[in-house]
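If you want the building blocks of each chain, they are given just below.
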Amino acid sequence: MIKLGAWNIRGLNDPLKQKEVRSLILVNNFSLMGVVETKIMIVDVVLLDSKMNFLLSIVYGCNRSSDRRVLWSDMRAVYHGFGDRPWIQLGDFNTVRLASERLVGFDVNSADEFNECLTDLSQDDLPSKGFWFTWTNKRSGSGDNKSRIDRHPEFEHILSSSWTNLVVGRPMFVLAAKLKRLKGVLKHLNLRCYSNISTRVMEARDQMIAIQQLFFATPFDVALCIQDKELVCTYINLRNAEESFMKQRSRVKWLALGDQNSSFFHQKMCAHRARNTIQSLHTIEGVFIKDSEAIKEEILLYYVSLLVLLFSSKVDASFQLQQAIQSRVPMDVVDQLISPMSVIEIKKALWSINGDKAPGPDGYNSLFYQQNWGVVGQDLVQAVTYFFEHGYMLKELNATAISLIPKVHSPSTIKDYRPISCCNVSYKCITKVLANHFAICSPFPYK
């Protein structure tokens, strides 16, 4: 049996809506799905060659009845061109046939034109199931409710309340203290609103569908309309939070309009965790070890011996550096190098850090600073400026998490791993500002 579907969906570039389309196809096992985006005014006619040879059209009708007359004319032309071929039309004609198909604003003339066209084509409605009304403008008088979908509604208030509380000390200490205080508050928000996130998503969807069933049974109930919109916003918030969580845990650098597929990210997360867990090693002497404590000792011994060898040389490094330098930086360039760091430079450095990168040891990634620059930006600028003015780095901001990443597919010794450092955003911002400054006198282009 061939199952066909069509959906006129606004804003198909939204990853969440792409996920809903995929879910609809999988749940209903559609053989072919026609997706109509209202911004795309192209109608495709597809001929399917199979045991059942028929013509399928995915239709989107214009909003104005005068413009739809062109569609009725085109449909008649297709009918006369293909003769007695079976023909199925799916989509959104932007009009109805009967008064019972619209609650308010029934256009008799438009309905008559639509019915006359279908009569000329010898076509009729196929039996349907599910909601009788398939579209709503979601209006409920003064009860119109809008919500941002990229964060929890309480986040901005929590951030502002926590961040504006006075902290006394040097700029770096102020930044570290505010980040630490905010982190505790956000942990409570996460526990209250986002724990067991996948279960919450399923529950929110079930609640949304239940209210929609009641709403379509009593479509003039303003309270149900408002509740429906609130539950839709809750579901969208939780779905985006679920994907964000899975995406961070899986460490997959995905497209900006990512796959929005929780199972994909979950598989990547499990694979990432298994691959980056050191379960066994061969020591330098070739002894195979599996005990976790023995593995720790082997790793520590390797890097201690490496650092001891590195610093055992008594050669004056500064003298070697001076001998290697064949030319000096011109004074005009020196003035540029020692000039104070501007807010524009610091902001440029921050925005050059990918927001999807893993957060630092303090738990914050660059996206946090970028999206909340109006609240936290001044403290970050003051902390970075303080470093360049005094040459002092607070140890809390200088904290670095070092991880061992496999260099080969099946690592067996410690030499098959390379260490990487996960730094705080403030530290990264300082290094990028430095690099941009040094690029002034570098003979090679800096990227």
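Look above for the structure.
Reading guide: rules and limits
- Residues numbered from 1 in each chain as written.
- Predicted model: local features only at pLDDT ≥ 70, side-chain atom pairs only at ≥ 80, totals over all residues.
- Heavy atoms only, no water.
- Pairing = 2+ DSSP bridges.
- Helix = DSSP H or I, 4+ residues; strand = E, 2+ residues; numbered from the N terminus.
- Right-handed = clockwise from strand over helix to strand, strands pointing away.
- Axes fitted to C-alpha atoms, helices over the stretch in contact; angles between N-to-C directions.
- Parallel < 35°, antiparallel > 145°, perpendicular 65-115°, else oblique.
- Left-handed = near helix turned anticlockwise from the far one by under 90°.
- Contact = heavy atoms within 4.5 Å.
- Nonpolar A, V, L, I, M, F, W, Y, C, P; charged D, E, K, R; others polar.
- Buried < 20%, exposed > 50% of the residue type's maximum accessible area, 1.4 Å probe, protein only.
- Polar contact = N/O pair within 3.5 Å; in protein donor to acceptor, adjacent residues only side chain to side chain.
- Expected span 1.5 Å × (residues − 1).
- Phe/Tyr/Trp six-rings, centres within 6.5 Å; stacked < 30°, edge-to-face > 60°.
- Lys NZ or Arg CZ within 6 Å of the ring centre and 35° of its normal.

Undergrad: So what exactly am I meant to see when it comes to the pairing of strand S2 (residues 32–36) here?
TA: On a regular strand, one side chain projects to one face of the sheet and the next to the other, so that they alternate. Note: strand S1 (residues 4–8) against S2, five bridges, orientation parallel. Its bridge partner lying in S2, Leu4 is registered against Leu32. Taken together, S1, helix H1 (residues 15–28) and S2 constitute a β-α-β crossover, and its handedness is right-handed.

Undergrad: I keep staring at the packing of helix H12 (residues 343–351) against helix H14 (residues 373–390) and nothing clicks. Help me out?
TA: A packed helix pair is summarised by two numbers, namely the angle formed by the two axes and the spacing between the axes. The geometry of H12 relative to H14 is characterised by a closest axis approach of 10 Å and an angle of 110° between their N-to-C directions. Regarding the angle of H12 to H14, the classification is roughly perpendicular. For the crossing formed where H12 meets H14, the hand is right-handed. Judged by residue contacts, Val343, Ile346, Lys347, Leu350 and Trp351 of H12 engage Trp373, Leu380, Val381, Val384 and Thr385 from H14. Tallied by class, the residues present in the contact of H12 with H14 amount to eight nonpolar, one polar and one charged.

Undergrad: What is the right way to read the side chain of His437 from this model?
TA: Relative to the helices and strands, His437 is located in helix H15 (residues 425–438). You can call His437 buried: its relative accessible area is 4%. Polar side-chain contacts of His437 include one of 3.0 Å to the side chain of Glu345. Apart from residues lying up to four places away in sequence, His437 is in contact with Gln336, Leu337, Ser339, Met341 and Glu345.

Undergrad: Please clarify how helix H5 (residues 171–193) should be interpreted in this entry.
TA: Because each turn of an α-helix spans 3.6 residues, side chains separated by three or four positions end up pointing in the same direction. End to end, H5 covers 32 Å across 23 residues, agreeing with the expected 33 Å (1.5 Å per residue, within 8%). Within H5, burial applies to Met172, Val174, Leu175, Ala176, Lys178, Leu179, Leu182, Leu186, Leu189 and Cys193.

Undergrad: When you look at the packing of H14 against H15 in this model, what are you seeing that I'm missing?
TA: Running from N to C, H14 and H15 point in directions that differ by 55°, and their axes come no closer than 10 Å. Between H14 and H15, the interaxial angle falls into the category oblique. H14 and H15 meet at a crossing whose hand is right-handed. When H14 is examined against H15, the residues Leu380, Val384, Phe387 and Phe388 are found in contact with a partner set consisting of Ser426, Cys429, Ile430, Val433 and Leu434. Across the contact of H14 with H15, the residue classes break down as eight nonpolar, one polar and no charged.

Undergrad: Sorry if this is basic, but what is going on with the packing of aromatic side chains here?
TA: Geometry of an aromatic ring pair is reported as the spacing of the ring centres plus the angle between the planes. Scanning the model with the defined rule gives eight aromatic pairs in all. Between Trp351 and Trp373, the aromatic rings sit 5.6 Å apart at their centres with planes inclined by 75°, giving edge-to-face as the arrangement. With Trp351 in helix H12 and Trp373 in helix H14, the pair connects residues that are 22 residues apart, well separated along the chain. By relative accessible area, which is 40% here, Trp351 ends up partly exposed. In this structure an aromatic cluster arises from ring pairing among Trp72, Phe93 and Phe114. Just above the ring of Trp351 sits the side chain of Lys347; from NZ or CZ to the centre is 5.3 Å.

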